[in-house]
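# Structure at a glance
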Amino acid sequence: MHLFSAMFLLLMFSALPCEALYPSPEEGWQIYSSAQDADGKCLCTVLAPAQNMCNRDPRSRQLRQLMEKVQNITQSMEVLDLRTYRDLQYVRDTENLMKTVDGRLKTASENPRSLNPKNFQELKDKVTQLLPLLPVLEQYKMDAKMILRLREEVRNLSMVLMAIQEEMGAYDYEELRQRVLLLETRLHSCMQKLGCGKLTGVSNPITIRASGSRFGSWMTDTMIPSSDNRSFFAHMISSLGQHEKTHCLRRRYLFVWSMDGYFKGRRVLEYRTMNDFMKGQNFVQHQLPHPWAGTGHVVYNGSLYYNKYQSNIIIKYHFRSRSVLVQRSLSGAGYNNTFPYSWGGSSDIDLMADESGLWAVYTTIPNAGNIVISRLEPQSLEVLQTWDTGFPKRSAGESFMICNTLYVTNSHLAGAKIYFAYYTNTSTYEYTDIPFHNQYSHISMMDYNPRERVLYTWNNGHQVLYNVTLFQVIKTAED
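Residues numbered from 1 in each chain as written. Predicted model: local features only at pLDDT ≥ 70, side-chain atom pairs only at ≥ 80, totals over all residues. Heavy atoms only, no water.

### Structural notes on the overall build of the protein chain
Along the protein chain, the regular secondary structure elements total eight helices and 24 strands. If you take every contact in the protein chain between residues at least 6 apart in sequence, the share linking residues at least 24 apart comes to 59%. Carbon and sulfur atoms make up 53% of the accessible area of the protein chain, which totals about 24300 Å². (Helix = DSSP H or I, 4+ residues; strand = E, 2+ residues; numbered from the N terminus. Contact = heavy atoms within 4.5 Å. Areas by Shrake-Rupley, 256 points an atom, 1.4 Å probe, with all protein chains shown as cover.)

Dropping the structure here:
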């Protein structure tokens with residue numbers, strides 16, 4: 001049981017990445033996070049196997065096969081029981097008829113002269129009524145043979161189970177499974193202690209669904225609960241196979257919202273689970289009172305924040321009450337393709353959220369078209385603080401906030417990379433070189449979700465997720 005006894009390792013390596021959410025099915029061990037000191041040296045890296053690794057254990061596979069055989073035998077027994085009960089009722093119903101025919105035959109045998117043409121015809125009719133008993137008896141013969149086969153199957157299963165028990169020795173399979181779950185819980189608890197960090201890498205894309213037009217946006221709620229109860233939803237879909245991914249997604253209940261198109265749209269589709277979104281089923285529709293512009297929408301704490309069409313007004317729409325709670329003009333912000341991203345699409349105002357709250361990314365004429373970052377108060381939409389990045393917005397493909405830092409891509413097309421970062425904590429910037437695979441070659445929405453630590457993207461009619469790798473320092477009680 002080496003897969004269980006070595007379930008979690010704490011290794012001393014140098015400068016390993018923190019990548020782990022949405023692990024590839026081909027990988028054996030998944031890197032979850034790393035802690036590094038001020039000099040950049042890695043203190044520890046937590047590794048764990050993909051959840052489906054234990055399923056590759058031959059004994060686990062044998063047990064699953066045995067369970068399937070037991071289920072098949074159980075079903076066969078149920079069918080036999082039902083059929084036997086039904087046929088037995090038929091035999092009982094014809095019991096009186098059989099007694100009558102038997103009496104008539106005895107009378108005719110003792111006194112052949114009593115069997116006149118009329119009596120003979122009646123006896124013949126009675127015998128005809130008994131003919132359906134023949135197939136019933138034939139079925140009894142077949143069922144008897146099936147019982148013999150089932151008995152042999154049960155005997156074989158017993159032998160295999162005894163062999164597995166001998167191979168496992170003193171190990172209790174259920175106890176080991178519980179230990180795995182406990183270790184997984186402890187790992188998740190450790191992950192919850194991770195703070196903010198600097199973006200150092202982006203994983204390969206994971207396509208969740210292909211739907212809608214070329215442009216659009218999709219999202220889940222970005223607000224992190226006060227308990228910081230991250231779901232680690234990404235870890236649950238470690239396999240990209242549709243069957244396993246669907247099975248794992250059933251364990252993660254969260255609302256998903258989809259908004260197709262980049263201007264004049266009003267319809268928002270709300271799915272109760274990611275699984276429903278993948279299948280395009282079980283959704284409700286919200287009809288917004290005002291149309292939207294661009295794709296820079298964000299859901300934060302149960303409300304949709306979006307840019308009103310042909311204006312610089314930001315609207316806060318509450319999903320549960322289906323009403324607009326507040327709307328406010330973003331003073332001086334360009335709109336209607338005045339200062340969009342390089343792909344256009346009325347993407348003048350990009351609303352987003354990170355670990356610190358709600359943000360607006362836009363530009364103004366006084367800022368000469370350079371990207372402006374504003375921190376917003378979620379209730380009133382009042383601008384709390386503003387930064388001028390000095391980066392021309394029309395040269396940006398997309399952007400997103402992580403841990404108070406704005407990251408900008410150099411293009412929305414193939415070959416894109418994240419190559420500019422602005423740190424609001426220090427009001428400084430740097431040029432970066434973080435490549436990522438733009439699989440469908442036209443990104444019209446790219447937003448970070450701090451709750452799940454992934455990037456949501458709308459890529460040429462495909463809804464895609466990316467895991468992010470953050471340079472993080474884990475603070476302990478001794479610090």
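Back to the text.
### Description of empty space enclosed by the protein
Applying the stated criterion to the full structure yields three cavities of 30 Å³ or more. One number sums up the size of the second largest cavity: a volume of about 70 Å³. Every residue lining the second largest cavity is listed: Trp218, Met219, Thr222, His297, Val298, Met352, Ala353, Met445, Asp447, Tyr448, Asn449 and Tyr456. Of all the secondary-structure elements, those providing two or more residues to the lining of the second largest cavity are β6 (216–219), β14 (350–354) and β22 (443–449). When residues in the lining of the second largest cavity are grouped by element, the largest group, four residues, is from β22. For the lining of the second largest cavity, the residue count by class is eight nonpolar, three polar and one charged. (1 Å grid on protein atoms, 1.4 Å probe; cavity = no way out; pocket = protein on both sides within 12 Å on 5 of 7 lines; lining within 4 Å. Points joined across faces, edges and corners; volume = space filled by probe spheres on them. Nonpolar A, V, L, I, M, F, W, Y, C, P; charged D, E, K, R; others polar.)

### Observations concerning the sheet that holds strand β17 (residues 383–392)
The strand order across the open sheet formed by four strands is β14-β15-β16-β17, and the pairing between neighbours is antiparallel. Every other strand in the sheet has two partners, leaving β14 and β17 as the edge strands with one partner each. Across the sheet, the mean angle separating the axes of adjacent strands is 25° when strand polarity is ignored. Pairing of strand β16 (residues 370–376) with β17, which is carried by six bridges, proceeds in the antiparallel orientation. Bridging across to β17, Ser374 finds its partner in Thr386. (Pairing = 2+ DSSP bridges. Axes fitted to C-alpha atoms, helices over the stretch in contact; angles between N-to-C directions.)

### Thoughts on the side chain of Ser411
As for its position among the elements, Ser411 is in the loop between β19 (405–409) and β20 (417–423). By relative accessible area, Ser411 is classed as buried at 18%. Here the side chain of Ser411 touches Leu413 through a polar contact of 2.9 Å, landing on its backbone nitrogen. Excluding anything up to four places from it in sequence, Ser411 contacts Gly397 and Ala416. (Buried < 20%, exposed > 50% of the residue type's maximum accessible area, 1.4 Å probe, protein only. Polar contact = N/O pair within 3.5 Å; in protein donor to acceptor, adjacent residues only side chain to side chain.)

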